[in-house]
Amino acid sequence: MKNIVVLISGNGSNLQAIIDGCKQKRINGTIRAVFSNKADVYGLERAREAGIPAHVLEASQFAGREAFDRELVQEIDAYAPDVVVLAGYMRILSPAFVAHYAGRLLNIHPSLLPKYPGLHTHRQVLENGDEEHGTSVHFVTDELDGGPVILQAKVPVFDGDSEEDITHRVQAQEHAIYPLVVSWMVDGRLAMRNGAAWLDGVQLPPEGHASEA
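Structural notes on the side chain of aspartate 161
Tracing the backbone shows aspartate 161 in the loop between strand S7 (149–156) and helix H6 (163–186). Take aspartate 161: its relative accessible area is 14%, and that puts it in the buried class. Setting aside residues up to four positions removed in sequence, aspartate 161 forms contacts with Leu126, Pro156, Ile166 and Arg169.

A closer look at the nonpolar core
Of all hydrophobic cores here, the largest spans 35 residues; its most connected members are Ile4, Val6, Ile31, Leu106, Ile150, Tyr178 and Val182. If you tally residues by element for this core, the top one is H6, at 7 residues. What isoleucine 150 contacts, discounting residues up to four positions off in sequence, is Leu106, Val137, His138, Phe139, Val181, Trp184, Leu190, Ala197, Leu204, Gly208 and His209. Among the nonpolar cores identified, the runner-up in size contains 18 residues, and Ala33, Leu57, Leu72 and Phe97 belong to it.

Overview of the pattern of salt bridges
A full pass over the atoms with the stated rule returns 5 salt bridges. In this structure, the salt-bridge partner of glutamate 45 is arginine 48, at a minimum N-O distance of 3.8 Å. Here arginine 48 and glutamate 45 lie together in helix H2 (residues 42–49), a separation of 3 residues that amounts to about one turn. Exposure remark for glutamate 45: the relative accessible area of 33% places this residue in the partly exposed category. Residue arginine 48 is classed as partly exposed on the basis of its relative accessible area, which comes to 46%. With its nearest N and O atoms 2.8 Å apart, the salt bridge here joins arginine 189 to aspartate 200. Of this pair, arginine 189 sits in the loop between H6 and strand S8 (190–193) while aspartate 200 is found in the loop between strand S9 (196–199) and strand S10 (202–203), placing the two residues 11 residues apart along the sequence.

Here's the deal with the packing of helix H1 (residues 13–23) against H6
One way to put it is that H1 packs onto H6 with a least axis distance of 9 Å and a crossing angle of 45°. In terms of their interaxial angle, H1 and H6 are classed as oblique. Read as a crossing pair, H1 and H6 show a hand that is right-handed. Of the residues in H6, those touching H1 at Ser13, Asn14, Ala17 and Ile18 are Gln171, Glu174, His175, Tyr178, Pro179 and Val182. Looking at the contact of H1 with H6 residue by residue, the classes come out as 5 nonpolar, 4 polar and 1 charged.

A word on unusual backbone geometry
For the peptide bond that leads from leucine 113 to proline 114, omega is 10°, which places it in the cis range. You can see proline 114 is positioned in the loop between strand S5 (105–109) and helix H5 (121–127). If you check the backbone angles, tyrosine 116 has positive phi at about 55° while not being a glycine. Summarising the element assignment, tyrosine 116 is placed in the loop between S5 and H5. Residue classification places tyrosine 116 among the buried positions, given a relative accessible area of 12%. A positive phi is found at histidine 120, a non-glycine position, where the angle reads about 55°.

A look at the sheet that holds strand S2 (residues 29–36)
Spatially, the 7 strands line up as an open sheet ordered S3-S2-S1-S4-S5-S6-S7, and their pairing is mixed. Each having just a single partner strand, strand S3 (54–56) and S7 make up the two edges of the open sheet. Put simply, the sheet's adjacent strands are angled 20° from each other on average, direction ignored. Strand direction decides the pairing type here: S5 and strand S6 (residues 132–139), joined by 4 bridges, are antiparallel. Paired with asparagine 107 across the two strands is histidine 138, which belongs to S6. Running over the sheet, H2 touches strand S1 (2–8), S2 and S3 and is turned about 150° from S3. In the packing of H6 onto the sheet, contacts are made with S1, S2, strand S4 (83–86), S5, S6 and S7, and the angle to S7 comes to roughly 155°.

Structural notes on the environment of valine 83
Tracing the backbone through its elements, the reader meets valine 83 in strand S4. When the C-alpha atoms of valine 83 and lysine 2 are compared, they prove to be 8.1 Å apart, with 81 residues separating the residues in sequence. Excluding residues that lie within four positions of it along the chain, valine 83 makes contacts with Asn3, Ile4, Val5, Arg104, Leu106, Met185 and Val186.

Parameters and conventions
The residue count restarts for each chain, going from 1 along the sequence in the order it is written. With the structure being a predicted model, the display of local features is reserved for residues of pLDDT at least 70 and the display and counting of side-chain atom pairs for 80 or more, all residues being used for whole-chain, interface and lining totals. The side-chain quantities take in all heavy atoms of the structure and omit both hydrogens and water. Strands here are runs of E lasting at least two residues and helices are runs of H or I lasting at least four, both read from the DSSP assignment and numbered beginning at the N terminus. Burial status follows relative accessibility: with a 1.4 Å probe on protein chains alone, a residue under 20% of its type maximum counts as buried, one over 50% as exposed, and anything between as partly exposed. The contact criterion used is simple: two residues touch if any of their non-hydrogen atoms lie within 4.5 Å. Within this scheme, the nonpolar core is defined by two criteria: the residues are buried Ala, Val, Leu, Ile, Met, Phe, Trp, Tyr or Cys, and they are joined through side-chain atoms within 4.5 Å. Each reported salt bridge corresponds to a side-chain nitrogen of Lys or Arg within 4 Å of a carboxyl oxygen of Asp or Glu. Axes, fitted as lines to C-alpha atoms, cover a helix only where it is in contact. Angles between the N-to-C directions of the axes lie from 0 to 180 degrees. Just so you know how the angles are binned, under 35 degrees is roughly parallel, over 145 roughly antiparallel, 65 to 115 roughly perpendicular, and the rest oblique. Left-handed describes a crossing in which the near helix is turned anticlockwise from the far one by less than a right angle; the clockwise case is right-handed. By the convention adopted, Pro, Cys, Tyr, Trp, Phe, Met, Ile, Leu, Val and Ala count as nonpolar, Lys, Arg, Asp and Glu as charged, and the other residues, Gly among them, as polar. The criterion for strand pairing is that DSSP finds at least two bridges linking the strands in question.

Laid out in structure tokens, this is it:
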């Protein structure tokens, strides 16, 4: 059984989707631990309710990003992770952290990358009058939201949509595709090689294994 460690900063709805995926045997792995950089978030409660060790590591305890990430690596590695999953983790990771978990570090981002890296993606979609939006699961590299895309799901944007409307629509897709990608990872079907994502020995295109789901 492969070991999964999840990093969060908030509500943890994607964490819940992965917990459910493990429980329902759609993911052939076990979440060994959840780490948050904030103490008072609901995602930690989700972990505890599922019987998963929940840890808090706050930046204020450390001199800087490198010191924080060194400690985080040490604590994560105690669980011997096969995959480290960022599920709404809102800290920029140091190059040393990214290098340590290269090829086994996943993130989900609420846009159709490479469009709209960074924050406030739903707002930008509305401001630009886009008719299509979505979410991307990707490998993490030193480039912010710039690692190879593995899987995307698209959603329509309708006239009169609010940021909240779009958030709900995108999250519904996230909860479907993130557990799927984690399952590919723990089953050994997924790899990062030569700056690209590979699934079942086939190099994926830049937009990943695009899903119309």
